[in-house]
Amino acid sequence: MTHSSSLPQNGQRTAKTNRRAGALMEEDVALGHELDENRDGEQLDRSERAALRRVAGLSTELEDVTEVEYRQLRLERVVLVGVWTSGTADDAENSLAELAALAETAGALVLDGVVQRRDKPDAATYIGSGKAAELRDIVLETGADTVVCDGELTPGQLIHLEDVVKVKVVDRTALILDIFAQHAKSREGKAQVALAQMNYMLPRLRGWGQSLSRQMGGGGSGSAGGGMATRGPGETKIETDRRRIREKMAKMRREIAEMKTGRDVQRQDRRRNKVPSVAIAGYTNAGKSSLLNRLTGAGVLVENALFATLDPTVRKAETPTGRAYTLADTVGFVRHLPHHLVEAFRSTMEEVGDADLILHVVDGAHPAPEEQLAAVREVIREVGAAEVPEIVVVNKADAADPLVLQRLLRAEKHALVVSARTGQGVDELRELIDDELPHPSVELEVLLPYTEGKLVSRVHSQGEVLSEEHVEQGTLLQARVHEELAAELRGFQPLAARP
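Residues numbered from 1 in each chain as written. Predicted model: local features only at pLDDT ≥ 70, side-chain atom pairs only at ≥ 80, totals over all residues. Heavy atoms only, no water.

- The name an unreviewed UniProt entry gives the protein is GTPase HflX, with Streptomyces qinglanensis as the organism.
- UniProt annotates the protein under Subunit (unreviewed entry) with the comment "Monomer. Associates with the 50S ribosomal subunit."
- Here the protein is described in UniProt, under the heading Subcellular location (unreviewed entry), as follows: "Cytoplasm". (UniProt positions renumbered as here; feature names shortened; annotations may be inferred.)

As structure tokens, then:
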């Protein structure tokens, strides 16, 4: 009886306990929601909680950028300004249009562009104080944060023009250096761009306030430690920065010289094997990489942008007669190419100077292709390649004006019209390359046993095979070869051909 009467009591006690636990859980949940709302606000998913959230109102970027000593180049909304000193109005507008293309390549939005006619740029503000004030009004009207000048400004011109327009001023040289810095991929390319940037930055360092004399020098002769108010400034901060930049530049030059050694070894191997070399040179965005891909299938990056490829690419190709040669794609040129870049990329541009033939690619669809030809030839002269034979390849025939193509063909006697996109004229270009490449000097006939397969292969790769016949004794070859290979082959001449 006792056992049976205790069951309902235990059941009632258990039910009460469960109801109480449920009520406590509901209170905990409600309290948890209240605490969460007070603590975190709206509850987020786990992925959202882990994501970065922007906190507004923390930016400390200065509105007057002339107060900073140096800031990384950042182009967003720009106004272009050029000084027209010579040539026609169309020439000045074409130059400014090219500057706009450079600015867009660097990632900027071009808002406006102005040109001023002057005998020479103003020594203080590049465009004169009155025009600089007008430029300030244009900057305010368009909401621009950068002014890009179509020329290389002196440090004084940069500072004075910034003081007037109250936004950052960038010249053409800094713009091109910024594009090169974005597009450099290889270790050598990055080192060359860094050297050019430091060479450009060195005379343009500037400081503000007491930072120019933070380090104090020794005192006068009155006391051992130098009395009060007798200690003068020692090495200033700007001098320290210049010294450090010079040290970095010296280190960078040593590294580039070491990389040049490896490139020279590769060139010596090609010379030793008597492999002819062809260099593709031309204005930026003329279609050099597209032509390289069309001739060799190299798969190099092709993009409708200025200086899309900086690192030189060397690929093996064959003429229609089977002769092997190397084809090198070089960095693109541009009008007023900064001398800092020419010096920094000299080891890369030596591919042009050491070549047996230059394919000078020009954009046939450009408004002023003759100016492109002149600008590229100026750089070719600077790197010592003026004596290398040249074929002018007028590219983009599918998009060019036929009258412009005819004008170029009349002006350039050794020229050919092609289209790297459609393949038009590429076969004729291959045949012209075969004709223009230096031919081996010695012509002979040899009978090589079938055990001398390596010699047969060398004749094919280093020489020019005129005829080939397989007979019972071996391979009968008539070929033109260089003197070194001819000395090895003379022992295999047929009896009738021996002297």
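### Digging into the overall build of the protein
- A tally of regular secondary structure across the protein gives 16 helices and 13 strands.
- The burial tally for the protein puts 41% of its 499 residues in the buried class.
- Here the analysis covers contacts within the protein between residues at least 6 apart in sequence; of these, 68% occur between residues at least 24 apart.
- When the accessible surface of the protein is split by element, carbon and sulfur atoms take 51% of a total near 27600 Å². (Helix = DSSP H or I, 4+ residues; strand = E, 2+ residues; numbered from the N terminus. Buried < 20%, exposed > 50% of the residue type's maximum accessible area, 1.4 Å probe, protein only. Contact = heavy atoms within 4.5 Å. Areas by Shrake-Rupley, 256 points an atom, 1.4 Å probe, with all protein chains shown as cover.)

### Regarding helix α6 (residues 172–183)
- Under the 1.5 Å per step criterion, the end-to-end length of α6 is 17 Å for 12 residues, consistent within 8% with the ideal 16 Å.
- Burial analysis of α6 places 10 of its 12 residues in the buried class, which makes it a mostly covered element.
- Along α6, the positions that sit buried rather than exposed are R172, T173, A174, L175, I176, L177, D178, I179, F180 and H183. (Expected span 1.5 Å × (residues − 1).)

### Remarks on the pairing of strand β12 (residues 464–470)
- Alignment of β12 against strand β13 (residues 475–481), held across six bridges, turns out to be antiparallel. By the bridge assignment for β13, E464 is matched with R480.
- Hairpin remark: β12 followed by β13, antiparallel, with four residues in the connecting loop; positive phi at G474, about 155°. (Pairing = 2+ DSSP bridges.)

### Side note on the nonpolar core
- Counting 82 residues, the largest nonpolar core has V147, F333, L359 and L429 as its most contacted members.
- In terms of residues, this core owes the most to one element, α6, which gives six residues.
- Split by domain, this core shows at least three residues from each of two domains, domain 1 (77–183) and domain 2 (275–436).
- Aside from chain neighbours lying at most four places away, what touches V147 is V79, V81, L135, V139, V165, V167, K168, V169 and V170.
- Of all hydrophobic cores here, the second largest spans 13 residues; its members include L448, V456, V459 and L489. (Core = buried A, V, L, I, M, F, W, Y, C linked by side-chain atoms within 4.5 Å. Domains from an automatic or database assignment.)

### A few points about the sheet that holds strand β6 (residues 313–318)
- The six strands lie next to each other as β6-β7-β5-β8-β9-β10, forming an open sheet whose pairing is mixed. The open sheet terminates on both sides in strands that have one partner only, identified here as β6 and β10 (415–417). Ignoring which end each strand starts from, the neighbouring axes of this sheet average 25° apart.
- Taken together, the six bridges between β6 and strand β7 (residues 324–329) define a ladder with antiparallel strand orientation. Its bridge partner lying in β7, K316 is registered against T326. (Axes fitted to C-alpha atoms, helices over the stretch in contact; angles between N-to-C directions.)

### So, the packing of aromatic side chains
- Counted by the stated rule, this structure contains zero aromatic pairs.
- Directly above the aromatic system of W84 lies the positively charged group of R117, at a separation of 4.7 Å from the ring centroid. (Phe/Tyr/Trp six-rings, centres within 6.5 Å; stacked < 30°, edge-to-face > 60°. Lys NZ or Arg CZ within 6 Å of the ring centre and 35° of its normal.)

### Considering the environment of P121
- Secondary-structure assignment places P121 in the loop between β2 (109–117) and α4 (129–142).
- Of the residues examined, P121 reaches a relative accessible area of 36% and is grouped as partly exposed.
- Sequence separation between P121 and L153 is 32 residues, and the spatial gap between their C-alpha atoms is 9.3 Å.
- Every residue in contact with P121, bar those within four places of it in the chain, is listed here: V83, T85, Y126 and Q157.

### Some points on empty space enclosed by the protein
- Applying the stated criterion across every chain yields a total of two cavities of 30 Å³ or more.
- Empty space within the largest cavity amounts to approximately 50 Å³.
- Its residues assigned to classes, the lining of the largest cavity shows four nonpolar, four polar and two charged.
- Two domains each put at least three residues into the lining of the largest cavity: domain 2 (275–436) and domain 3 (442–490). (1 Å grid on protein atoms, 1.4 Å probe; cavity = no way out; pocket = protein on both sides within 12 Å on 5 of 7 lines; lining within 4 Å. Points joined across faces, edges and corners; volume = space filled by probe spheres on them. Nonpolar A, V, L, I, M, F, W, Y, C, P; charged D, E, K, R; others polar.)

### A short note on the side chain of E98
- Checked against the element boundaries, E98 lands in helix α3 (residues 89–105).
- Taking the relative accessible area as the measure of exposure, E98 reaches 9% and is therefore buried.
- Engagement of the side chain of E98 in a polar contact is seen with the side chain of R172, the distance being 2.4 Å. (Polar contact = N/O pair within 3.5 Å; in protein donor to acceptor, adjacent residues only side chain to side chain.)

### Concerning the sheet that holds strand β11 (residues 442–448)
- The sheet built from three strands is open, its strands ordered β11-β13-β12 with antiparallel pairing. With partners counted over all chains shown, the strands left at the sheet margins are β11 and β12, one partner each. Adjacent strand axes in the sheet meet at a mean angle of 10°, parallel and antiparallel pairs treated alike.

### Let's talk about helix α13 (residues 402–411)
- Those residues of α13 that sit buried are V404, L405 and L408. Looking straight down α13, one finds its buried side chains confined to an arc of 100°; they lie on one side. Turned more than 90 degrees away from the buried face of α13, the exposed residues are P402, L403 and R410.
- In this structure, the buried residues of α13 make contact with α12 (369–382), β9 (390–395) and β10. (Arc of directions from axis to C-beta.)

### Some remarks on the packing of α6 against helix α7 (residues 187–201)
- Between α6 and α7, the least distance of the axes is 10 Å, while the angle of their chain directions is 155°. Looking at the two axes, α6 sits roughly antiparallel to α7. Seen from above, α6 lies across α7 with left-handed handedness. Residues T173, A174, L177, F180 and A181 of α6 lie in contact with α7, whose contacting residues are V193, A196, Q197 and Y200.
- Across the contact of α6 with α7, the residue classes tally to seven nonpolar, two polar and no charged. (Parallel < 35°, antiparallel > 145°, perpendicular 65-115°, else oblique. Left-handed = near helix turned anticlockwise from the far one by under 90°.)

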